[in-house]
Amino acid sequence: DEIVKKYNPDTIIISWMPKGLNLVNDIFLHKSIKKIILIGAVDATGTKKMYNDKNIKEINNNFQVCISDDHLITGFYKDMSLSQLFIIERSNSNN
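Here's a quick rundown of the structure. All of these numbers come straight from a predicted model, not from anything done at the bench. (Residues numbered from 1 in each chain as written. Predicted model: local features only at pLDDT ≥ 70, side-chain atom pairs only at ≥ 80, totals over all residues. Heavy atoms only, no water.)

Regarding the pattern of salt bridges
According to the stated counting rule, one finds one salt bridge in the structure shown. Between Glu 89 and Lys 57 there is a salt bridge; the shortest N-O distance is 3.4 Å. With Glu 89 in strand β6 (residues 84–89) and Lys 57 in strand β3 (residues 56–59), this residue pair connects regions lying 32 residues apart in the sequence. (Salt bridge = Lys/Arg side-chain N within 4 Å of Asp/Glu carboxyl O. Helix = DSSP H or I, 4+ residues; strand = E, 2+ residues; numbered from the N terminus.)

What follows is the structure, encoded as structure tokens:
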């Protein structure tokens, strides 16, 4: 909140928002924010309602990979999963 007020960015990047948490509406309360770039996976971050919003667009980037720290114990490739990249743009309902 303090950083956004100080710098007035037009874009915010969120990497792996905790599952069950949707910060989108709170972020768009700041009038300078026009776009959110969200990095994560639908089944592991945010909420289902958030991903069903008409203003969210998935960018095809299946080349990005996230590897959990468990690979040190369970084998390198076992816990590998694809991350996804989404763009959420401010809508009239966010104004």
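Considering the pairing of strand β2 (residues 35–40)
Of the two faces of β2, the one holding Ile 36, Leu 38 and Gly 40 is buried and the one holding Lys 35, Ile 37 and Ile 39 is not buried anywhere. Sheet analysis places strand β1 (residues 11–15) next to β2, joined by five bridges and oriented parallel. Among the inter-strand pairings, Thr 11 is bridged to a residue of β2, identified as Lys 35. Across six bridges, the pairing between β2 and β6 is antiparallel. Each residue of the ladder has a partner; that of Ile 39, found in β6, is Leu 85. (Buried < 20%, exposed > 50% of the residue type's maximum accessible area, 1.4 Å probe, protein only. Pairing = 2+ DSSP bridges.)

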